[in-house]
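Descriptive structure summary
Each chain is listed here by its residues.
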Amino acid sequence: MLGAGIVGTSVALHLAKRGLSVALVDRGGPGEGTSYGNAGIIEGNTVFPAAFPASFAELARIALKRSSLANYHLAFLPHIAPWLVAFRAASQPARLIETAHVLRPLLARAVAEHDALAAEARAQRHFSRRGWLKLYRTDRLFAAQAAELELAARFGIANVPLDRDGALALEPALRGIFRHAVHWTGAVSVNNPLAVTRAYAARFTALGGLALAGDARSLHRADRAWRVETESGPVDAGDVVIALGPWSLDVLAPLGITPPLAVKRGYHRHFRTNGNAALSRPVLDAQYGYVLAPMEQGIRLTTGVEFAARDAPPTPAQFARVLPAATALFPLGEPVEPQPWLGARPCFADSRPVIGRAPRQRGLWLAFGHGHWGLTLGPATGRLMAEMMTGATPFCDPKPYSADRFGT
Ligand SMILES: Cc1cc2nc3c(=O)[nH]c(=O)nc-3n(C[C@H](O)[C@H](O)[C@H](O)COP(=O)(O)OP(=O)(O)OC[C@H]3O[C@@H](n4cnc5c(N)ncnc54)[C@H](O)[C@@H]3O)c2cc1C
């Protein structure tokens, strides 16, 4: 297993549970990459993926760098342009409905698969079952949710539309500057995503798995096996899984495998609260695209997306854009850290991950590109991957997640 984020760790644990001999290799500790910094929401109830803005007004605001939903580095736009064109095509209403159906089998398993791993890893104390709350400041924004609520009803996904008072009854520390809310009651959240991945990794080693430090870019063929160099020496395996999140192509491109992965960068920062204000569940402010999530470290404010080179220096401009809105909604106090954290969501334009065999290379498997839903889908991916690798019947049809869809 190359990569010990929530995805790679979950795959490794599922393989170890089935009695396979597994080494989990990362250059850092488990869960310290993208999986460290998310909003902690296990979104088994999500219907539609994030979409390209439909309104010209919002696009204009993004272009003028006035929107908090998205930021971009101008010099990077020519590089990301083909991906954005594909993302826009995948954001047409009919395609969004298709994607919702294609992802439902995975999303429907998300909470149950976390529950199973959390129970055996004794990580349940990090989980909360109070759902999550999406707030809408205008009637227009709320009306735009009609299609999602309708499809949610068809999928049987529970939610409770609320007026302002109904939402304030759930979260009394919010200020009533919004008009509508939807409480997605089935969502689960965690108060420390790093601790959850670490707990799953500890369970993996307790089952006999090896957690090793090493650079995945050392992967090469050695005789009939795959070999990776680690600080404990070379490791040979008949099968290797690439679960390096936004770094996956660092290893795959030299092998000639280049599925069109992009990154949507995102920031977070923790804040203390003023007085004894508290949140019981994550809250999304739909107009500004940020989430306030209660974490062990404080209230974690996560931003929308930023299109920039993965390794370009941080430019947390979105914080300046959302902070006035966030502090008007909730009494945020002093920031906990001197600087925001920066991560990179690994995203395909069709919002599906890649799960399954790599093209053309025997014994090479892929599990990455989970975009906005990597925490959500890590354990379900772990089960699906382990079932495919051991020849068991997969719990759902893995074909829609195959890298073959790109013809690369
Ligand atoms: C701001 C923000 C908010 C988010 N909120 C949510 C949310 O609420 N719910 C949700 O489901 N998802 C959310 N996500 C998305 C989620 O965090 C990611 O999809 C997920 O963490 C991806 O996990 P991963 O295991 O694929 O990648 P990672 O966690 O990045 O793991 C990849 C691993 O590969 C290792 N690695 C890289 N290169 C090498 C190398 N050369 N050698 C060895 N090891 C290497 C890294 O050290 C890392 O540990 C959010 C993301 C962001 C940025």
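Below, the structure is looked at part by part. (Residues numbered from 1 in each chain as written. Predicted model: local features only at pLDDT ≥ 70, side-chain atom pairs only at ≥ 80, totals over all residues. Heavy atoms only, no water.)

Re the pattern of salt bridges
The full count for this structure, using the stated rule, is 20 salt bridges. Ionic pairing is found between Asp-115 and Arg-129, a salt bridge with its closest N-O pair at 2.6 Å. One end of the pair, Asp-115, is in helix H4 (residues 93–121); the other, Arg-129, is in the loop between strand S4 (127–128) and strand S5 (132–136), and 14 residues separate them in sequence. Asp-115 sits in the partly exposed class, given a relative accessible area of 27%. For the salt bridge of Asp-236 with Arg-227, the shortest nitrogen-to-oxygen distance reads 2.7 Å. Judged by relative accessible area, Asp-236 falls into the partly exposed class, the value being 41%. A relative accessible area of 25% places Arg-227 in the partly exposed class. Salt bridges linked by common partners bring Arg-95, Glu-98, Asp-350, Arg-352 and Arg-405 together as one network. (Salt bridge = Lys/Arg side-chain N within 4 Å of Asp/Glu carboxyl O. Helix = DSSP H or I, 4+ residues; strand = E, 2+ residues; numbered from the N terminus. Buried < 20%, exposed > 50% of the residue type's maximum accessible area, 1.4 Å probe, protein only.)

Quick notes on the sheet that holds strand S11 (residues 225–230)
Overall, antiparallel pairing links the 3 strands, which are arranged S10-S11-S12 in an open sheet. Strand pairing shows two members of the sheet lacking a second neighbour, strand S10 (220–222) and strand S12 (233–237), which therefore form its edges. Going across the sheet, the axis of each strand differs from the next one's by a mean of 45 degrees, ignoring polarity. Note that S10 and S11 share 3 bridges and pair antiparallel. Paired with Arg-221 across the strands is Trp-226, a residue of S11. (Pairing = 2+ DSSP bridges. Axes fitted to C-alpha atoms, helices over the stretch in contact; angles between N-to-C directions.)

Some remarks on the nonpolar core
Ranked by internal contacts, the top residues of the largest apolar core, which has 44 residues, are Met-1, Ile-42, Leu-106, Phe-127, Tyr-200, Met-385 and Tyr-401. Elements with a contribution of two residues or more to this core: helix H1 (6–17), H4, strand S8 (188–190), helix H8 (193–206), strand S22 (364–368) and helix H11 (374–389). Not counting the four nearest positions on each side in its chain, Tyr-401 is found in contact with Val-102, Leu-103, Pro-105, Leu-106, Pro-353, Val-354, Ile-355, Leu-384 and Cys-396. Counting 24 residues, the second largest nonpolar core, distinct from the first, contains Leu-135, Leu-279, Val-322 and Ala-326. (Core = buried A, V, L, I, M, F, W, Y, C linked by side-chain atoms within 4.5 Å. Contact = heavy atoms within 4.5 Å.)

Observations regarding the site of the ligand
Around the ligand sit 32 residues, and of these Asp-26, Thr-34, Ser-35, Gly-371 and Thr-376 come closest. Ile-6 has a polar backbone atom sitting 3.3 Å from an oxygen atom of the ligand. His-372 is positioned with one of its backbone polar atoms (N or O) 2.9 Å from a nitrogen atom of the ligand. Burial of the ligand by the protein chains amounts to 97% of its free accessible area of 1000 Å². Mapped onto the shell around the ligand, the elements with two or more residues apiece are H1 and H11. Ranked by residue count, the leading element in the shell around the ligand is H11, at 3 residues. Here the residues of the shell around the ligand sort into 13 nonpolar, 13 polar and 6 charged. (Near = heavy atom within 4 Å. Polar contact = N/O pair within 3.5 Å; in protein donor to acceptor, adjacent residues only side chain to side chain. Areas by Shrake-Rupley, 256 points an atom, 1.4 Å probe, with all protein chains shown as cover. Nonpolar A, V, L, I, M, F, W, Y, C, P; charged D, E, K, R; others polar.)

Concerning the pairing of strand S14 (residues 262–273)
Within S14, 10 of the 12 residues are buried, which leaves it mostly tucked inside the rest of the structure. Inspection of the sheet shows S14 paired to strand S20 (residues 341–347) by 7 bridges, in the antiparallel sense. Considered in S20, the bridge of Arg-265 is made with Ala-344. Strand direction decides the pairing type here: S14 and strand S17 (residues 298–302), joined by 4 bridges, are antiparallel. Within S17, the residue paired with His-268 across the bridge is Thr-302. Pairing of S14 with strand S19 (residues 332–335), which is carried by 2 bridges, proceeds in the antiparallel orientation. Along S19, the bridge assignment pairs Thr-273 with Leu-332.

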